[in-house]
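# Summary of structural features
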Amino acid sequence: MAKPNLRKLNPMDFTKMNPTRQAKIEAAPAAALPDADSYKPNQLANALHPEVQYVKVAQIDEISADVKTFWLEADPARGTQSLAWFSAGQYLSVTLEIGNMKMTRPYSLSSSPREALAGRYALTVKRVEGGLASNFILDSWTVGTEVTVSAPLGVFTYEPLRDAKVIIGVAGGSGITPFRSLAKSIADGDEDAQLILLYGSRTMEEAIFQEEFKAMEGPKFKLVNVLSDETAECCCGGEGCCCEKGFITADLIKKYAPAGDYSIFLCGPQAMYDFVDKEIASLGLRKKFIRHELFGEYFNPAKEADYPADVAPQFEITVRIAGHEQTITASSDVSILRSLEAAGIAAPAHCRSGECGWCHSRLVSGDVYTPKSVDGRREADYIYGYIHPCCSFPLSNLVIEVSPAK
Ligand code: FES
């Protein structure tokens, strides 16, 4: 059969379908449709993408002096019968109330998808000096604590149609957590890829999950600790010990990369991206083979070259939410989302880095600054005046319309 020439199709031909559709509607019985939740596709959609999940802390593992893994199970008493499945590399947005502040924070799942099917999620949390949310979790969550989390979110996942079969994982600090999930997923046979993990830490003592990673090593997984400040000669010990001194450079990546195609997945602090991105640029990889986990908040907008001069330190933001209006004071160097949360306003947010669009709010009046590197808005957002408060900073007094968090 000859292929239709799509450029010559008349879009108005679509209207010819209307009489057929109308006839079918008229011929249909007048009986009420069954409840939407009785349809299998809807049941599947709800199981995979619940609006919210109610869970409880079931177990806490002390990983190191400042890192704990929290195992979460469904809480049927609050309406969650089972946990949503996920892909290795995804995160949960955790709802927190700290004092009068209501907020969410994204945490990568460090457990495997198969463990979710068995009824458990793991979140691994590291203490951050001066941090708010992570330190609150470490200090206040105990076995039995009730927690509200989102469905699994994020696109830092292995996609065989896009990614190369060999992944060079570049991890720093708590950015190790999605790679633990991916390594387990490969070991479980749920992902058909090979992972070579370059795990940057200052010292061997800081590098977590060593025993588990060593146990998973084989043809499809290799761990290389890259230690910037370690002084001991052979610092990981044991058989198959493999560590490098220094930083994750282009030469180091080349040393462990295969001869053919490979993807690079990065997850770590901003300082690691600033360094490693420049190194990766010299490798000449196709853009699709470089993947970043984006979550991580943006701070200090004044360091950007295009940040305007003479911005006042404080402004007023009038917030319209759920039929109410409230005016708050906001610092110009703090994201609008953080200012809303500090004022006790439960604004929606998941990724907190401009990627997911969940915080999407209408700027009724005023000016904001959004750094280019985290500006994930679409064309329609610019046209109709929407901003992402998680990575926008006030440049004047503002009026914004915010949807209430669910
Ligand atoms: S919270 Fe994801 S874009 Fe703002």
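Thresholds applied
- Residues numbered from 1 in each chain as written.
- Predicted model: local features only at pLDDT ≥ 70, side-chain atom pairs only at ≥ 80, totals over all residues.
- Heavy atoms only, no water.
- Buried < 20%, exposed > 50% of the residue type's maximum accessible area, 1.4 Å probe, protein only.
- Helix = DSSP H or I, 4+ residues; strand = E, 2+ residues; numbered from the N terminus.
- Pairing = 2+ DSSP bridges.
- Contact = heavy atoms within 4.5 Å.
- Domains from an automatic or database assignment.
- Buried area = accessible area lost by both parts, 1.4 Å probe.

Taken across its eight residues, strand β3 (residues 91-98) has six buried, putting it largely inside the fold. Pairing geometry for β3 and strand β4 (residues 101-108), over eight bridges, is antiparallel. Considered in β4, the bridge of Leu96 is made with Met103. One ladder, built from two bridges, connects β3 with strand β6 (residues 146-149); its direction is antiparallel. Note on β6: the bridge partner recorded for Val94 is Val149.

On to the environment of Ile176, then. Structurally, Ile176 can be placed in the loop between β7 (166-172) and α5 (177-187). Accessibility expressed as a relative area gives 0% for Ile176, which makes it buried. Sequence separation between Ile176 and Phe70 is 106 residues; the distance between their C-alpha atoms is 15 Å. In this structure Ile176 touches Ala171, Leu197, Tyr199, Ile208, Phe209 and Phe213, once residues within four positions along its chain are discounted.

The domain boundaries assigned to the chain delineate domain 1 (47-149), domain 2 (166-292) and domain 3 (301-402). With centres defined by C-alpha atoms, the gap from domain 1 to domain 2 works out at 25 Å. Taken together, the contact pairs 18 residues of domain 1 with 13 residues of domain 2. Of the roughly 1,200 Å² buried between domain 1 and domain 2, counting both surfaces, carbon and sulfur atoms make up 57%. Per-residue buried area on domain 1 facing domain 2 is highest for Ala88, Ser110 and Arg114; these three make up 34% of the total on that side.

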